[in-house]
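Reading the structure
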Amino acid sequence: MFKNKDVFKKEFNRRMLERYGISVNESHISERYEILGEMVRDYANVDWSKTHHETVNQDKKTLIYFSMEFLIGRLLVNNMQNLGIYEVVKQGLEELGINIHELEEEESDAGLGNGGLGRLAACFLDSIASLGYIGHGNCIRYQYGFFKQRIIDGKQRELPDQWLTDGNVWEVRKSKYAQEIKFYGLPETYMKPDGSYGIRTRDAVVVRAVPYDVPVVGYRNHQTNTLRLWNAEPTNHHIPKNMTFNDYLNFLEEMCYGLYPDDSTEHGRILRLRQQYFLVSSGLQSVLQSYYKHNGTLVGIHKNYVFQLNDTHPILAIPEMMRIMIDEYEMGWDEAWEEVRQCMAFTNHTVMPEALEKWPVNYVQNLIPRVYMIIEEINRRFNIEMNEKGISDSARWAMNIIKDGQIHMCNLAIYTCFSVNGVAALHTEIIKDITFKDFYNYMPEKFNNKTNGVTHRRWLLYANPKLAELITSKIGDKWIKDMDQIKAFEAYQNDKKVLDKIIDVKLENKKALAKYIKEHNHIDVDINSIFDVQIKRLHAYKRQLMNVFHIIYLYQRMKSDPEFRIYPHTFIFGAKAAPSYVYAKKIIELIVAVSEVVNNDEETNKFLKVVFLENYGVSLAEKIIPAADVSEQISTAGKEASGTSNMKFMMNGAITLGTMDGANIEIVENAGKENEVIFGLTSDETEQLYREGTYNPWDIYNSDMRIKNVLDSLFHGEWCQYKQDKFSLIFDEIMNRHDQYFILKDFDSYLKAQEKINELYQDKYLWAKMALINIANSGYFTSDRTIEQYAKEIWGLSKVK
């Protein structure tokens, strides 16, 4: 159907008539998008079938990637480009009088994620398929996304992200693979026909999990893998007796209602636990059922399947796989344990204590009682093992899975999984030396680093086509499939024609973003100003607050000193704060309030503008990143596991303004410190300050008038609108809670780094050269490289021939 534009047009017309009973000219844009999406999906389905049969025929090992998030964004352009049909479709639509870009804008971002964790998972799926490996994602089919952010009266408001209102053209319902998931109930021992004993759960609340499969299209290699989304529906056989039907329907609806329920309430926390178990039980039952059907046993499944647990959320997969093998397939503990420990691999994404998941024993014991029994038995056997090996009491306590009335999920994962990886060199060293040091001393062979990566096809080739064209014109197109080849672009770092072209491409991208800002924020920005961008989840350790403090400082200084003026600077923010994270929402309120004052001050707004772009997500990032001059990566050293936006900015020629944290360190190592602007404390220095407890923010407040003026403005600045307590929460968090992320400690260093940015940017060829060197050295940060490492060093995958 995509052989040429004439064949495409004929098929497009036929489907429009058969589906809607109208001609293309009579059709609505939503109908045109639906028809095109179906055509692309059906075309990919041919490769879907081929991939499945090749997997079976070649007996390939398969990866199952469990993640609560897959931030896949829009798929129309990505899939058409990967299938190699974009130009045929574009030309065919043009002859039908349809602008392909209007259809692209019709698609909603899939509401399957929130931040870097989900975007990473999506990048990984793209690379797995494009490299020819067999690997499938498992996630929940959330009815609503995280939330749709709106700024109303200067504050973040959360509205439903109704991404499924018009359906999802990419998904295919596969009800024949539905599974039944049991919650609550009572485990009981029973006698089997052969006289042996087994355990089953009676009086459970049973949920039918139905998969919806979304194709994951490889880059022009005729391979299509799967992202399987599980939906909760009523069971056909086991309607619960201990709740009303309406309560049962509410129970089901909550399961897939939305990503990350509010964990400030007990109900919300238990719902999170329910979601996690629903996901892993659905996926595992499906895989084990299929394997048993073809092999008549589950012994040896580790040779054909590997399960990657993306962060702490899917760790319940470990006891659930044990439960299925023992209770459903009558395996003994030891043979089941041998399979589980050789199947499971774990990626840790954070060292933040609140993200190292722990569940109260009573939650798990009540919700999934049989699973709790298995966790308890794993912990008991682990303690026997530690006793036999003479592990010290302090180390035993640190590594215990169940302690203080809580189940420590990371401890369960590290003990069980055959691989435990961090996501950047520094992060991995921190988890080995500090966070999980006792585990590392006990089983060092499990720990390894796999620095994150992003798919350069989406984030450079498709998001920044003019830059991609420039690169290809100089070094050919082999870099698209092998990003290591982009290193050859570095040879043009002193070629003024190439540098001029880089400057021109950046300016065009800035014009496009400025147009978007004008349409959505009604703010005119200077396209010749420095576009200084910080786009990431709003969290205290990411230090958006330090960025806005710097803006306040610049504004105050320009107002008090008519001789002081900066190079025109546009600060651009994009961030969502979790609905229950009051402090983060207050920081957004401050950014918006400061922008209102700064942008409307005619004395200074030629030099300083501030833009907060609401509802930041994948599609918006694809507009922002190619236009950025400066990439703000300013987290407290030692707190950011890796980061991925830093990699996307680097690929698009932005200069990193950052701390030596996460993957920033490897960016510096690859591109050279002279091509980034680095500031602030190191992770060793922050750790020393935490350890000694000698840091006092009041000392800096009382000795540095710049900081004092900024902080005092939280009570009487114009952004307070005569409400002295409007931003007192921020002052208290910094001053009375010991500035735990060292914003004031790093502030002077950050100011000097910003001054250096101003200086460097004014030499346009030097800046363009730095941008080119960043682009040319971004090959290290592609998810293709990361996946090759996972496939060879952890998963044991081989490519489909």
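Our structure's up above, just so we're on the same page.
A quick note: this is a predicted structure, and the numbers were derived from the prediction, not measured.

**Side note on the sheet that holds strand β18 (residues 530–535)**
As summarised here, the arrangement of the 6 strands in space is β20-β19-β18-β21-β22-β23, forming an open sheet in which the pairing is parallel. Pairing within the sheet leaves two strands with one partner each, and these edge strands are β20 (608–612) and β23 (677–678). The strands touched by helix α21 (residues 582–599) within the sheet are β19 (569–574) and β20, with β20 carrying the most contacts at an inclination of about 140°.

**Observations regarding the sheet that holds strand β13 (residues 358–360)**
Strand order in the open sheet made by the 3 strands is β13-β15-β14, with antiparallel pairing throughout. Two strands close off the open sheet at either side, each with one partner strand: β13 and β14 (402–403). When β14 meets strand β15 (residues 406–408), the two strands line up antiparallel, connected through 2 bridges. The residue bridging lysine 403 from the neighbouring strand is glutamine 406, located in β15. Sitting on the sheet, helix α14 (residues 409–416) touches β13, β14 and β15, and the angle it makes with β15 is about 40°.

**Regarding the environment of aspartate 263**
In this fold, aspartate 263 is placed in the loop between α7 (245–255) and α8 (266–295). A sequence separation of 317 residues divides aspartate 263 from serine 580, and the C-alpha atoms of the two residues are 7.7 Å apart. Aside from chain neighbours lying at most four places away, what touches aspartate 263 is Arg269, Arg272 and Ser580.

**Observations concerning empty space enclosed by the protein**
For the coordinates displayed, the defined rule picks out 4 cavities of 30 Å³ or more. Approximately 180 Å³ is the volume found for the largest cavity. Every element with two or more residues in the lining of the largest cavity is listed here: α3 (76–83), α6 (116–130) and β9 (205–217). Partitioning the lining of the largest cavity into residue classes produces 9 nonpolar, 3 polar and 3 charged.

**Overview of helix α24 (residues 664–671)**
The buried fraction of α24 is high, at 6 of 8 residues. Taken together, the buried positions of α24 are Asn664, Ile665, Glu666, Ile667, Val668 and Ala671. Trailing α24 by a residue or two, glycine 672 shows a phi angle of about 95°, which is positive.

**Structural notes on the packing of aromatic side chains**
Counted under the stated rule, the structure contains 36 aromatic pairs. With 5.2 Å between their ring centres and 50° between their planes, phenylalanine 679 and tyrosine 750 make a pair best called tilted. Placement of phenylalanine 679 in the loop between β23 and α25 (683–692) and of tyrosine 750 in helix α29 (residues 743–761) is noted, with a sequence separation of 71 residues between them. Under the relative-accessibility criterion, phenylalanine 679 is labelled buried at 4%. Pairing tryptophan 698 with tyrosine 701 gives two aromatic rings, centres 5.4 Å apart and planes at 75°, and the pair type is edge-to-face. Of this pair, tryptophan 698 and tyrosine 701 both sit in helix α26 (residues 697–703), separated by 3 residues, roughly a single helical turn. Put simply, the rings of Trp333, Trp337, Phe382, Tyr415, Phe439 and Tyr442 touch in pairs and so form one group of aromatic residues. The side chain of arginine 141 reaches across the aromatic face of tyrosine 212, ending 4.0 Å from its centre. Between lysine 496 and the ring centre of tyrosine 765, over which it is positioned, the NZ or CZ distance is 4.6 Å.

**Regarding the pattern of salt bridges**
Any two side chains of opposite charge can pair, on the condition that their charged atoms come close. One pass over the structure, following the stated rule, counts 52 salt bridges. Of the charged contacts, one joins lysine 9 and glutamate 95 as a salt bridge, the two residues approaching to 2.6 Å between their closest N and O atoms. Taken together, the positions of lysine 9 in helix α1 (residues 5–20) and glutamate 95 in helix α4 (residues 86–95) put the pair 86 residues apart, joining distant regions of the chain. The class for lysine 9 is buried, based on a relative accessible area of 17%. Of the residues examined, glutamate 95 reaches a relative accessible area of 41% and is grouped as partly exposed. Here arginine 341 ties to glutamate 338 by a salt bridge, and the two come within 2.9 Å at their closest N and O atoms.

**Topic: the pairing of strand β7 (residues 186–191)**
As paired strands, β7 and strand β8 (residues 197–202) are joined by 6 bridges and run antiparallel to one another. Counterpart to leucine 186 in the pairing with β8 is arginine 202. Counted between consecutive antiparallel strands, the loop separating β7 from β8 contains 5 residues, among which glycine 195 sits at a positive phi close to 90°.

**Overview of the side chain of serine 783**
Inspection of the secondary structure puts serine 783 in helix α31 (residues 783–795). Relative accessible area serves as the criterion here: at 0%, serine 783 is assigned to the buried category. In terms of polar contacts, serine 783 uses its side chain to reach the side chain of serine 127, at 2.6 Å. From its side chain, serine 783 meets the backbone nitrogen of threonine 455 in a polar contact 3.2 Å long.

**A few points about the packing of helix α27 (residues 705–716) against α29**
Two numbers describe how α27 lies on α29: the axes approach to 11 Å, and their chain directions differ by 110°. By the angle between their directions, the pair α27 and α29 is classed as roughly perpendicular. The handedness of the crossing between α27 and α29 is right-handed. Contact residues: α27 offers Arg706, Ile707 and Leu711, while α29 offers Leu744, Phe747, Asp748 and Leu751. Residues that form the contact of α27 with α29 fall into these classes: 5 nonpolar, no polar and 2 charged.

**A closer look at the side chain of threonine 347**
As for its position among the elements, threonine 347 is in strand β12 (residues 344–347). A polar contact of 2.8 Å, which involves the side chain of threonine 347, links it to the side chain of glutamine 308.

**Structural notes on a nonpolar patch on the surface**
On the surface, Ile239, Phe245 and Leu249 cluster together into a nonpolar patch covering about 260 Å² of accessible area. Mapped onto the elements, isoleucine 239 comes out in the loop between β10 (224–234) and α7. For isoleucine 239, a relative accessible area of 43% puts it in the partly exposed group.

**Section: the pairing of β9**
Buried residues dominate β9, accounting for 13 of its 13 residues. Alternating residues of β9 divide into Val205, Val207, Ala209, Pro211, Asp213, Pro215 and Val217 and Val206, Arg208, Val210, Tyr212, Val214 and Val216, and every residue in both groups is buried. Here 2 bridges tie strand β5 (residues 172–173) to β9, and the two strands are oriented antiparallel to one another. Bridging from a neighbouring strand, arginine 173 pairs with tyrosine 212 of β9. Pairing geometry for strand β6 (residues 179–183) and β9, over 5 bridges, is antiparallel. Across the sheet, the residue bridging to glutamine 179 is alanine 209, located in β9. For β9 and β10, the ladder comprises 11 bridges, and the chain directions are antiparallel. Bridged to valine 216 within β10 is asparagine 225. Here β9 folds back onto β10, and the loop between the two strands holds 6 residues, one of which, arginine 220, carries a positive phi near 50°.

Thresholds, definitions, all that
Residues numbered from 1 in each chain as written. Predicted model: local features only at pLDDT ≥ 70, side-chain atom pairs only at ≥ 80, totals over all residues. Heavy atoms only, no water. Pairing = 2+ DSSP bridges. Helix = DSSP H or I, 4+ residues; strand = E, 2+ residues; numbered from the N terminus. Contact = heavy atoms within 4.5 Å. Axes fitted to C-alpha atoms, helices over the stretch in contact; angles between N-to-C directions. 1 Å grid on protein atoms, 1.4 Å probe; cavity = no way out; pocket = protein on both sides within 12 Å on 5 of 7 lines; lining within 4 Å. Points joined across faces, edges and corners; volume = space filled by probe spheres on them. Nonpolar A, V, L, I, M, F, W, Y, C, P; charged D, E, K, R; others polar. Buried < 20%, exposed > 50% of the residue type's maximum accessible area, 1.4 Å probe, protein only. Phe/Tyr/Trp six-rings, centres within 6.5 Å; stacked < 30°, edge-to-face > 60°. Lys NZ or Arg CZ within 6 Å of the ring centre and 35° of its normal. Salt bridge = Lys/Arg side-chain N within 4 Å of Asp/Glu carboxyl O. Polar contact = N/O pair within 3.5 Å; in protein donor to acceptor, adjacent residues only side chain to side chain. Parallel < 35°, antiparallel > 145°, perpendicular 65-115°, else oblique. Left-handed = near helix turned anticlockwise from the far one by under 90°. Patch = residues over 30% accessible without salt bridge, like charges linked within 9 Å, V, L, I, M, F, W, Y side chains within 5 Å. Areas by Shrake-Rupley, 256 points an atom, 1.4 Å probe, with all protein chains shown as cover.

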